[in-house]
Amino acid sequence: MKTVSTLFDLRAARLSLYGTVGLVPTMGYLHEGHLSLIRRAKLECDSVAVSIFVNPTQFGANEDLSKYPRDLTRDLSLIEPLGVDLVWNPTPEIMYPAGYQTWVEVEAMTRPLEGAMRPEHFKGVTTVVTKLFNAIQPHKAYFGQKDAQQAAVIRQMVRDLNFPLEVIVCPTTREADGLAMSSRNKYLEGADRPAATILFHALSAAKSAYEGGERNAEKLREIMKVTLAAEPRAQMQYVSCADYDTLEELDMVSGKTLLSMAVLLGKTRLIDNFVLG
Ligand code: AMP
């Protein structure tokens, strides 16, 4: 496994990769969710590249950039046994040198949900993912369903800008009690950790209603709200029942549908979602 930082070293390492290349973009502090993406890439591609970069431009001014957990040594020891060929770990100065002024933006579908709570977030995501795609030129890129809006935005961007690659969205990996794995789960303190399963329970309750025939989107949103309200430690930011591709809120559920939510537990902000249909 080759680990590089500069663009010069990355180019040389990329040239030495054989066959189809799969890219797994990450911000590090890897957990089983990230590793599931890497395993899938290994199955489907001849060579696998992983990027580890805590991208400053996708964090808002009062978000947790400086506190975001980092442990490169641990990350490398987790991915080496999976047969990863190349790790790119650039610095913020390599990605955004002095004078940097070019941005990639996806419009309507970045405005609701996470975009409403985090106005600059997706501009940072789509810009850094464009830079990763240009630098590594993967044939396939792997993203997690855990970040459903991010996956939808990147699918849209790849279509709109004709990136010659396939976006593959992999299922959410969960803890035994249903909590979606996330690097931010380590912030959950004391009783907030068991209380965090309320997101999974709220999504499960809405899914059961859907499976029982409920198609009224407002009723499904209401079921998620009522379930979340039963956990006094949880403070709901939004719940949504939206079209899977456009992310527009639905009146009635018919095609592929995204149930999603953001919830604060103490100071920790968690997101989760289920796909219906
Ligand atoms: P991050 O390091 O949080 O930016 O995540 C890197 C990639 O891993 C993104 O595509 C995420 O959607 C994905 N990911 C994060 N958590 C999970 C999870 N629990 N299950 C599956 N994929 C995940």
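Residues numbered from 1 in each chain as written. Predicted model: local features only at pLDDT ≥ 70, side-chain atom pairs only at ≥ 80, totals over all residues. Heavy atoms only, no water.

Peer 1: Mind showing me how you'd approach the site of the ligand here?
Peer 2: Looking at the ligand, there are 17 residues lining it, with H34, G144, D147, T173 and M181 nearest. Between the ligand and the protein, one listed contact pairs an oxygen atom with a backbone N or O atom of M27 at 2.9 Å. Between D147 and the ligand, the recorded distance is 2.7 Å, taken from a side-chain N or O atom to an oxygen atom. For the ligand, the protein covers 93% of the area, taking 480 Å² as the surface of the free molecule. Only β2 (21-26), α2 (32-44) and β5 (140-144) provide two or more residues apiece to the shell around the ligand. Per-element accounting of the shell around the ligand gives the leading share, three residues, to α2. Here the residues of the shell around the ligand sort into seven nonpolar, eight polar and two charged. (Near = heavy atom within 4 Å. Polar contact = N/O pair within 3.5 Å; in protein donor to acceptor, adjacent residues only side chain to side chain. Areas by Shrake-Rupley, 256 points an atom, 1.4 Å probe, with all protein chains shown as cover. Helix = DSSP H or I, 4+ residues; strand = E, 2+ residues; numbered from the N terminus. Nonpolar A, V, L, I, M, F, W, Y, C, P; charged D, E, K, R; others polar.)

Peer 1: What exactly am I supposed to notice about the sheet that holds strand β6 (residues 166-170) here?
Peer 2: Strand-to-strand pairing in sheets goes through backbone hydrogen bonds, with the strands running parallel or antiparallel. Taking strand neighbours across the sheet as the criterion, the six strands line up as β1-β4-β3-β2-β5-β6 in an open arrangement whose pairing is parallel. At either margin of the open sheet sits one strand with a lone partner, and together these are β1 (2-4) and β6. This sheet shows a mean twist of 25 degrees between the axes of neighbouring strands, independent of strand direction. Of the pairings in the sheet, the one linking β2 to β5 comprises two bridges and is parallel in character. Bridge pairing links L23 to A141 in β5. Its contacts with the sheet place α2 against β2, β3 (47-52), β5 and β6, and it is angled at close to 155 degrees to β5. In this fold helix α3 (residues 72-79) packs onto β1, β3 and β4 (86-88), with an angle of close to 165 degrees to the strand it touches most, β3. (Pairing = 2+ DSSP bridges. Axes fitted to C-alpha atoms, helices over the stretch in contact; angles between N-to-C directions. Contact = heavy atoms within 4.5 Å.)

Peer 1: In this structure, what is going on with the side chain of T110? I would like to understand it.
Peer 2: Tracing the chain through its elements places T110 in the loop between α4 (92-95) and α5 (114-117). T110 has contacts with G115, F122, Q149 and V153, leaving out every residue within four places of it along the chain.

Peer 1: What should I look at first to understand the domain arrangement of the protein chain in this one?
Peer 2: In many analyses, interface size is given as the accessible surface area lost on bringing the parts together. Domain annotation of the protein chain identifies domain 1 (2-170) and domain 2 (183-276). For domain 1 and domain 2, the distance between their C-alpha centres works out to 26 Å. Taken residue by residue, the interface counts 22 residues in domain 1 and 19 residues in domain 2. The tally of links between domain 1 and domain 2 comes to three salt bridges. R155 is paired through a salt bridge with D245; the nearest N and O atoms lie 3.1 Å apart. Within the residue set of the side of domain 1 that touches domain 2, elements represented by two or more residues are α5 and α7 (148-160). No other element matches α7, which puts four residues into the side of domain 1 that touches domain 2. In terms of residue class, the side of domain 1 that touches domain 2 is made up of ten nonpolar, five polar and seven charged. (Domains from an automatic or database assignment. Salt bridge = Lys/Arg side-chain N within 4 Å of Asp/Glu carboxyl O.)

Peer 1: Any chance you could explain unusual backbone geometry here in plain terms?
Peer 2: Only a minority of non-glycine residues have a phi that is not negative, and only a minority of peptide bonds are not trans. Here Y29, not a glycine, exhibits a phi torsion of approximately 50 degrees, which is positive. Its place among the elements puts Y29 in the loop between β2 and α2. Unusually for a residue other than glycine, L247 sits at a positive phi of about 65 degrees. Examined against the element boundaries, L247 turns out to sit in the loop between β7 (234-243) and β8 (257-265).

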